[in-house]
Amino acid sequence: MNELKKIGGGLQKLPKDKNDFSMGAFFKAEVIPTWDFIVGVSEILDQVETDFCTGFATSAASSVQEGVTLNPFWSFAKSKELSGDIEAWGQNLRTACKVHQKTGAPDYDREYSLEKRDAAFLRDIKNYPEDFLNKALVHKKQAYFEADFFKSTYDSIAAALWKFKDEKRVVITGALWRSHWTFAEGGIIPGFGDKDGFGHAFVFVGQKYIKDKPYLVAQLSNGEDIGDKGFFYFSKFVVDREFTFGNYIFADMPPQWQKSEIIQQSQWYRASFYGKIWHITKRFFFLA
């Protein structure tokens, strides 16, 4: 392994949005798995030192479902068009997910990748052929939900992965990537270490027990010469502490529910006890 390798990131902090769809409000988590399993994996690509990780993570999640390799460069460029900040560093997960909900992503095309183009060219959607949009729509997703079944982030992600394993839905996530994580032996992330890092997005694809302890399996977009051939393993302690940039999963809309109703139900589900009292009070006086 080359210990001098620098990996790209690009994950921005996620601004709060009360309109996020809550998975816990609509899908019952019957099981928190206590065994090894892998939902699915996609081709491991390498974003090199670009800030395109959100495009790679969301495209990887869709690729697992679609059974093809999708173009993360187009996906990232489309997200920059959506947020209107082409030159700004990186992207947040919500905006990255919106790309796949609104337009999808086209199949991988090496002519529009780092194999043939530079990062400045690839981040601008105006540089891509117009027919990429029609190709992308084939892979469009219905919606994305926040994986929030339980107070424990780890349990919520593990439960979501297991519940939707048959549909091959993996969790799009990210954390402040610590420099020493890149060189973690066997890809097993330690509980403590450097405090500084950079935001990095990737996907959780399953769970693996190591020395009788459960770890979530992460697939990165930094090639196969780091970690366990491109995979890393995160303990419950690390996941519950570090994964605060959002945890999303592409899923179909609950039948017979309208978007406005889903938002209201999601807000109710996430509200604290006092928050629910406030909701009830506002509703009472509005109806009065």
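The structure we're discussing is the one just above.
Below is a short write-up of the structure. These figures come from a predicted structure and were not determined experimentally. (Residues numbered from 1 in each chain as written. Predicted model: local features only at pLDDT ≥ 70, side-chain atom pairs only at ≥ 80, totals over all residues. Heavy atoms only, no water.)

## Considerations on the overall build of the protein chain
Secondary structure assignment for the protein chain yields nine helices and seven strands. The C-alpha radius of gyration of the protein chain comes to 19 Å, within 12% of the 19 Å expected for a compact globule of 288 residues. For the protein chain, the residues scored as buried account for 51% of the 288 residues in total. Across the protein chain, contacts joining residues at least 24 apart in sequence account for 76% of those joining residues at least 6 apart. Accessible area for the protein chain stands at about 14,200 Å²; split by element, carbon and sulfur atoms hold 53% of it. Charge centroids of the protein chain, computed over 37 positive and 37 negative side chains, lie 7 Å from each other. (Helix = DSSP H or I, 4+ residues; strand = E, 2+ residues; numbered from the N terminus. Rg over C-alpha atoms; globule rule 2.2 N^0.38 Å. Buried < 20%, exposed > 50% of the residue type's maximum accessible area, 1.4 Å probe, protein only. Contact = heavy atoms within 4.5 Å. Areas by Shrake-Rupley, 256 points an atom, 1.4 Å probe, with all protein chains shown as cover. Lys, Arg positive; Asp, Glu negative; His and termini not counted. Charge placed at Lys NZ, Arg CZ, Asp CG, Glu CD.)

## Thoughts on helix α3 (residues 93–102)
Most of α3 is tucked away, with seven of its 10 residues classed as buried. Among the structural elements, α1 (53–66), α2 (72–83), β2 (143–146), β3 (171–178), β4 (197–210) and β7 (248–251) are those in contact with the buried residues of α3. Where α3 begins, one side-chain oxygen reaches toward the backbone nitrogen of Arg-94, 3.0 Å away; that side chain belongs to Asn-92. Count one or two residues on from α3 and you reach Gly-104, which has phi positive near 80 degrees. (Polar contact = N/O pair within 3.5 Å; in protein donor to acceptor, adjacent residues only side chain to side chain.)

## Notes on the pattern of salt bridges
Following the criterion strictly, the structure yields 13 salt bridges and no others. The salt bridge partner of Glu-146 is Arg-270, with a shortest N-O separation of 3.7 Å. Taken as a pair, Glu-146 in strand β2 and Arg-270 in helix α8 (residues 259–270) lie far apart in primary sequence, 124 residues in all. Salt-bridge contacts for Arg-178 lead to Glu-242; the nearest nitrogen and oxygen are separated by 2.8 Å. In this pair, Arg-178 is assigned in strand β3 and Glu-242 in helix α7 (residues 236–242), connecting sequence segments 64 residues apart. Under the relative-accessibility criterion, Arg-178 is labelled buried at 11%. Given a relative accessible area of 8%, Glu-242 falls into the buried group. (Salt bridge = Lys/Arg side-chain N within 4 Å of Asp/Glu carboxyl O.)

## Re the packing of aromatic side chains
In the structure shown here, the tally under the stated rule is 29 aromatic pairs. Residues Trp-35 and Trp-162 carry aromatic rings whose centres are separated by 5.1 Å and whose planes lie at 75 degrees to one another, so their mutual orientation is edge-to-face. Pair noted here: Trp-35 is in the segment before β1 (37–38) and Trp-162 is in helix α6 (residues 153–163), with a separation of 127 residues, a long-range link. The partly exposed category is assigned to Trp-162, whose relative accessible area is 22%. One aromatic cluster is present, formed by Trp-177, Trp-181, Phe-202, Phe-204, Phe-232, Phe-234 and Phe-243 through successive ring pairs. Lying across the ring of Phe-192, Arg-241 places its NZ or CZ 5.6 Å from the centre. (Phe/Tyr/Trp six-rings, centres within 6.5 Å; stacked < 30°, edge-to-face > 60°. Lys NZ or Arg CZ within 6 Å of the ring centre and 35° of its normal.)

## Brief notes about unusual backbone geometry
Glycine aside, residues mostly have negative phi, and peptide bonds are mostly found in the trans state. If you check the backbone angles, Val-48 has positive phi at about 55 degrees while not being a glycine. Examined against the element boundaries, Val-48 turns out to sit in the loop between β1 and α1. For Val-48, a relative accessible area of 42% puts it in the partly exposed group. Notably, Lys-211 is not glycine yet its phi reads approximately 50 degrees, a positive angle. Position of Lys-211 among the secondary structure elements: in the loop between β4 and β5 (213–219).

## Focus on the pairing of β4
Within β4, 10 of the 14 residues are buried, which leaves it mostly tucked inside the rest of the structure. The sheet contact formed by β1 and β4 spans two bridges and is antiparallel. Note that in β4 the partner of Phe-37 across the bridge is Gln-207. Bridge count for β4 against β5 is seven bridges, and the pairing is antiparallel. Counted as the bridge partner of Ile-210 is Lys-213 from β5. Hairpin geometry of β4 and β5 is characterised by an intervening segment of two residues between the two adjacent antiparallel strands and by a positive phi of about 50 degrees at Lys-211. (Pairing = 2+ DSSP bridges.)

## Observations concerning the environment of Lys-195
Along the chain, Lys-195 turns up in the loop between β3 and β4. Here the alpha-carbon distance between Lys-195 and Leu-176, two residues 19 residues apart in the chain, equals 9.0 Å.

## Overview of the environment of Phe-237
Tracing the sequence through the fold places Phe-237 in helix α7. Sequence-wise, Phe-237 and Phe-192 are 45 residues apart; in three dimensions their C-alpha atoms are separated by 10.0 Å. Setting aside its immediate chain neighbours within four residues, Phe-237 contacts Gly-191 and Phe-192.

Function cannot be read off these values alone, since they describe shape.
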